[in-house]
Amino acid sequence: MTTAPTNQPAQVLMPDPAELLIKEAREKARRRRFRWASIFTLLVAACLIEIGVVHYAFTPTRTSGGRSDTSANALTCPSARVRLLGVTAMAGGLGHGGVLVRASVTSSPACTMSGYPIVGAQLTNHSTAMARGVRNAYLGGGMTTTAPLPRLSITSRPRVVSFTIDMEAGGGVPSTCPSINSVQITLPGSREILTADTTSEPPFGVFRGMGTYCSDLQVTPLVQGSSGRS
């Protein structure tokens with residue numbers, strides 16, 4: 001049996017205008033959520049970076065007493081010019097040894113120094129001992145109070161500053177401990193590195209190195225003047 005064509009055009013289904021509006025609204029909402037999520041992610045990342053930078057720049061030095069003191073990590077005086085004035089032996093006792101270090105500092109522009117010098121001792125056994133910061137050492141120097149560490153104003157006029165280095169030296173008893181050939185010093189907030197390889201020991205003269213080193217290298221805070229004591 002043959003079916004005759006009806007000659008009627010095929011029906012085209014037109015989308016409902018309301019449905020189009022709903023789809024468009026959903027698409028706009030999706031793009032808006034994506035945009036806000038991206039902004040939030042960028043803000044979180046920026047905050048984490050900022051926190052990390054601040055933590056790195058201002059991480060304090062942990063002292064032997066468990067306190068946190070200002071450290072030399074933040075370059076507060078990057079343009080400072082430092083000149084070593086002398087390294088003088090301090091009278092030892094009970095197996096201790098130490099030296100008083102004096103330096104002259106200038107800076108233009110003006111800046112502020114505060115904290116512990118970075119000290120590394122080069123030993124005769126080809127190793128390096130790094131000093132830990134202490135408020136006051138056995139042989140003197142530093143400060144015995146819990147007040148904030150001294151903040152020294154550094155200008156274009158030379159300022160004398162000082163600190164002490166203390167260590168377990170064996171008390172003159174023959175031992176296998178190495179000796180200190182030299183020490184490298186960076187004042188807090190500065191980028192200049194000083195090298196000291198001689199020690200003055202009045203009234204006997206000047207000697208190479210800084211004696212025997214057994215353990216516990218310590219450095220006291222930077223203070224004004226030439227006494228090493230605040």
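Structural data are supplied above this passage.
Presented here is a report on the structure given in the accompanying data block.

1. Topic: the nonpolar core
Piece 1. Counting 36 residues, the largest nonpolar core has Val119, Phe163, Leu187 and Leu217 as the members making the most contacts within it.
Piece 2. Non-local contacts of Val119, meaning those with residues more than four positions away in its chain, are made with Ala129, Met130, Ala131, Phe163, Ile165, Val183, Gln184, Ile185, Leu217 and Val219.

2. Topic: the state of the cysteines
Piece 1. For the structure on display, the rule yields two disulfides.
Piece 2. Disulfides within the protein link the bonded cysteines, taken in sequence order, as 1-2, 3-4.

3. Overview of the pattern of salt bridges
Piece 1. One pass over the full model with this rule turns up three salt bridges.
Piece 2. Across the pair Arg132 and Asp216 runs a salt bridge whose closest N-O atoms are separated by 2.9 Å. On the criterion of sequence distance, the pair formed by Arg132 in strand E8 (residues 132-133) and Asp216 in strand E15 (residues 215-219) is long-range, its members being 84 residues apart.
Piece 3. Among the residues examined, Asp216 registers a relative accessible area of 31% and is labelled partly exposed.
Piece 4. For the salt bridge of Asp197 with Arg208, the shortest nitrogen-to-oxygen distance reads 3.7 Å. Placement of Asp197 in the loop between strand E12 (194-196) and strand E13 (198-201) and of Arg208 in strand E14 (residues 205-208) is noted, with a sequence separation of eleven residues between them.

4. Things to note about the sheet that holds E12
Piece 1. Spatial strand order, E7-E6-E11-E12: four strands in an open sheet with antiparallel pairing. Whereas interior strands pair on both sides, the edge strands pair on one side only; in this sheet they are strand E7 (128-130) and E12. Taken over all neighbouring pairs, the strand axes of this sheet differ in orientation by 25 degrees on average, direction set aside.

How each quantity is defined
Residues numbered from 1 in each chain as written. Predicted model: local features only at pLDDT ≥ 70, side-chain atom pairs only at ≥ 80, totals over all residues. Heavy atoms only, no water. Core = buried A, V, L, I, M, F, W, Y, C linked by side-chain atoms within 4.5 Å. Buried < 20%, exposed > 50% of the residue type's maximum accessible area, 1.4 Å probe, protein only. Contact = heavy atoms within 4.5 Å. Disulfide = S-S within 2.5 Å. Salt bridge = Lys/Arg side-chain N within 4 Å of Asp/Glu carboxyl O. Helix = DSSP H or I, 4+ residues; strand = E, 2+ residues; numbered from the N terminus. Pairing = 2+ DSSP bridges. Axes fitted to C-alpha atoms, helices over the stretch in contact; angles between N-to-C directions.

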